[in-house]
Amino acid sequence: MELNLLLAALSTFILNIPFGFIRQGFKKFSVMWFVCIHAPIPFVILFRHLFGLGFQLYTYPIMVSAFFLGQFAGKKIRIRRDAKKSLAEELQSEEIKKDQL
C-alpha cells in the first residue's frame, strides 16, 4: 500500500507541474488561475482509484502535499524561464545599441 501511495503522489506531483507553469501566467484569483488549480483534481481522484488508495485519512497529507508541491514547482520553472528570457532580450538590445554606435 505504501508503494502505491508513493506512486500516486509522484503522479500527482508530475501532473501538477504543467498546471502550475500555466497558472503563473494568469492574474492571481482570476477565473483561469482557479481553473489551473482545480482542473487536475479529477485526475488526482483517478490516481487514487487506479492505485487502490481509496480515501483513507492518512493519505491526504501526502497527496495534498504532492499536489501543491507540483503547482509550486511549475510556478518556479515559469519564473526562472521568464527571467532567463528577459535577460536574453536585455542583452540582445544592448548589443544592438552597441552596434548602432
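Coordinates for the structure precede this section.
Residues numbered from 1 in each chain as written. Predicted model: local features only at pLDDT ≥ 70, side-chain atom pairs only at ≥ 80, totals over all residues. Heavy atoms only, no water.

Caption draft 1: Seen up close, the environment of A8. Assignment of secondary structure puts A8 in helix α1 (residues 2-23). With 37 residues separating them in the primary sequence, A8 and I45 have C-alpha atoms 9.8 Å apart. Apart from the residues within four sequence positions on either side, A8 is in contact with F47, F51, L53 and M63. (Helix = DSSP H or I, 4+ residues; strand = E, 2+ residues; numbered from the N terminus. Contact = heavy atoms within 4.5 Å.)

Caption draft 2: Fine view of the nonpolar core. With 13 residues, the main nonpolar core has L15, V44, L53 and M63 as its most contacted residues. Listed by contribution, the elements that provide at least two residues to this core are α1, α2 (31-38), α3 (41-50) and α4 (60-100). Residues within four places of L15 in sequence aside, it is in contact with P40, F43, V44 and F47. (Core = buried A, V, L, I, M, F, W, Y, C linked by side-chain atoms within 4.5 Å. Buried < 20%, exposed > 50% of the residue type's maximum accessible area, 1.4 Å probe, protein only.)

Caption draft 3: Fine view of the side chain of T59. Here T59 shows up in the loop between α3 and α4. Engagement of the side chain of T59 in a polar contact is seen with the side chain of R48, the distance being 2.5 Å. In terms of polar contacts, T59 uses its side chain to reach the backbone carbonyl oxygen of Q56, at 2.6 Å. Leaving out residues up to four positions away in the same chain, T59 has contacts with L5 and R48. (Polar contact = N/O pair within 3.5 Å; in protein donor to acceptor, adjacent residues only side chain to side chain.)

Caption draft 4: Highlighting the packing of α1 against α4. Between α1 and α4, the shortest axis-to-axis distance is 6 Å and the interhelical angle comes to 35°. For the crossing formed where α1 meets α4, the hand is right-handed. Classifying every residue of the contact of α1 with α4 gives 15 nonpolar, 6 polar and 4 charged. (Axes fitted to C-alpha atoms, helices over the stretch in contact; angles between N-to-C directions. Left-handed = near helix turned anticlockwise from the far one by under 90°. Nonpolar A, V, L, I, M, F, W, Y, C, P; charged D, E, K, R; others polar.)

Caption draft 5: Quick peek at the side chain of T12. Checked against the element boundaries, T12 lands in helix α1. For T12, a relative accessible area of 0% gives the class buried. Apart from the residues lying within four places of it in its own chain, the contact partners of T12 are V44, F47, M63, A66 and F67.

Caption draft 6: Local environment of α4. A rise of 1.5 Å per residue sets the reference length of α4, with its 41 residues, at 60 Å; its end C-alpha atoms lie 60 Å apart and thus fit the reference within 8%. Every buried residue of α4 is accounted for by M63, A66, F67, G70, Q71, A73, G74 and R78. The inward-facing, buried residues of α4 contact α1, α2 and α3. (Expected span 1.5 Å × (residues − 1).)

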